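Residues per chain are reported as follows:
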Amino acid sequence: MYASAYVSLTILNNIMRKLIICGLSLILAMGACQKEDTAEKTKIPTVQFSRESKVIKLDGEAISLKDLITPLSALEEGVWSCTDASIANVDQEGLVKPVNEGRTTVNFTLSAQVYASCEIIVSKDIIEATGVTIVDKKVTLVKDDTYQLEAVINPDEVTDKTLIWESDNEDVVMVDDEGVITAIDFGTAVITVETSNRWRAKCRVTVEKSAFSIPAKMIGTWTGIRMELISQSDGKIYDEEAIAGLLTQGTDVEAWLESVRTSYSYDLTADNVVTMNIPLKGDNVGHITGSLAGTGTEGIFEGTFDVEAANIGGTEEYGKQTIVFDGKLVIIQIPFGSGFDFKVYYKVTQ
């Protein structure tokens, strides 16, 4: 590959062997600490109601809240109580009996720190929802944007206006209890809102990449000026000084470092064509072309390269590259050897 034109396989093997030994030692030490920490921690139980409120008809039958408790295993240990017995009573089986019109709260307690609450609404005349709609059927956002969804319950006089919001893909869009959605990543998600009596409505949310333009300062040839090796197992960074200390005695350190820094380069044109140049055997140079796209985060780009068209063995992992520009230098991190990433800092010559 690219480094083979400058570095012997023996030198690389020596570096990798020493780095892997260092990495393994750190992993073992961290593992021992984690075991000690885990042993000291006590698991804290949790309990919750699947619904925030429940409506009961004044002259109706008592209702059970047991099915609303999560997890169900908590029912064996918890204690039921009601804050206002003049509105409703609850027994230790989770059965709630209405007494008078009004609102009260039923609590289910495991300990002083672990409990859950459900509001009980006792009403003489219960008006149930006959439907629900979301004002926006489709929403398009850019990554990190937020947006307030509005749900309309029919009829407006419904007794229980409780709504439950859910996202079918929280890796792309998250939604809170008030219907505020947050764009997490590129893609699509369906947001569902549900009434207390199971009426539902949906909204499709698409998260797009933000408008992209190439920073003028990035256009030109990128030449490596500094490098680092990063362990994939523990994130340990080996700078050039640390790498030099691991090289075989007798190696021309500066010549070796310079060859690896410049073993490949990039060219970016104004029409967003980026080319990765890789020295091969002899005086041959391989070229892999691609383009840049914005990620929604300033200074961070995604490079997509057509490694299949380039037909250069061993470059399959370079199809997608995260490219960072800090205003002066371009920084790229790609796989290197077994268990390491190769991070190079480039200067741009225009």
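Each value, and the rule that gives it
Along each chain, residues carry numbers from 1 onward, in the same order as the chain's sequence is written. At least 70 in pLDDT is required for a residue's local features to be given in this predicted model, at least 80 for side-chain atom pairs to be given and counted, and no such filter applies to totals for whole chains, interfaces and linings, which use all residues. For side-chain calculations, the full set of non-hydrogen atoms in the structure is used, while hydrogens and water are omitted. Pairing between strands is defined by DSSP: at least two bridges between the two strands are required. Under the DSSP-based scheme used, a helix requires at least four consecutive residues in state H or I and a strand at least two consecutive residues in state E, with every element numbered from the N terminus. Only heavy atoms matter for contacts: two residues are in contact if any of them lie within 4.5 Å across the pair. Aromatic contacts are taken between Phe, Tyr and Trp rings whose centres are within 6.5 Å, Trp giving its six-membered ring; a plane angle under 30 degrees counts as stacked, one over 60 as edge-to-face, and the others as tilted. Accessible area is worked out with a 1.4 Å probe on protein chains only. A residue is then buried under 20% of its type maximum, exposed over 50%, and partly exposed in between. Whether a charge lies above a ring is judged from NZ of Lys or CZ of Arg, which has to be within 6 Å of the ring centre and within 35 degrees of the ring normal.

**With respect to the sheet that holds strand S6 (residues 88-90)**
So, point 1. Pairing in this open sheet of three strands is antiparallel, and the strands run S3-S7-S6 from one edge to the other. The two strands at the open ends of the sheet, each matched to only one other strand, are strand S3 (63-64) and S6.

**Notes on the side chain of Asn107**
So, point 1. When you line up the elements, Asn107 lands in strand S8 (residues 102-109).
So, point 2. In this structure, Asn107 is in contact with Val79, Trp80, Ser81, Thr83, Ala116 and Ser117, ignoring residues within four places of it in sequence.

**Let's talk about the packing of aromatic side chains**
So, point 1. Inspection of the entire model under this criterion finds nine aromatic pairs.
So, point 2. Ring geometry for Tyr264 versus Phe342: centroids 6.3 Å apart, planes at 65°, classification edge-to-face. Taken together, the residues span a long stretch of sequence, with Tyr264 in the loop between helix H3 (253-261) and strand S21 (265-268) and Phe342 in strand S27 (residues 340-349) at a distance of 78 residues.
So, point 3. Judged by relative accessible area, Phe342 falls into the buried class, the value being 1%.
So, point 4. Taking 5.6 Å as the distance between ring centres and 90° as the angle between the ring planes, the aromatic pair formed by Tyr266 and Tyr346 counts as edge-to-face. Remark: Tyr346 occurs in strand S27 and Tyr266 occurs in strand S21; sequence separation between them is 80 residues. Assigned by exposure class, Tyr266 and Tyr346 land together as buried.
So, point 5. Above the plane of the ring of Tyr345 lies Arg226, whose end atom (NZ or CZ) is 3.7 Å from the centre.
So, point 6. Taking the ring centre of Tyr238 as reference, the NZ or CZ of Lys236 above it sits at 5.5 Å.

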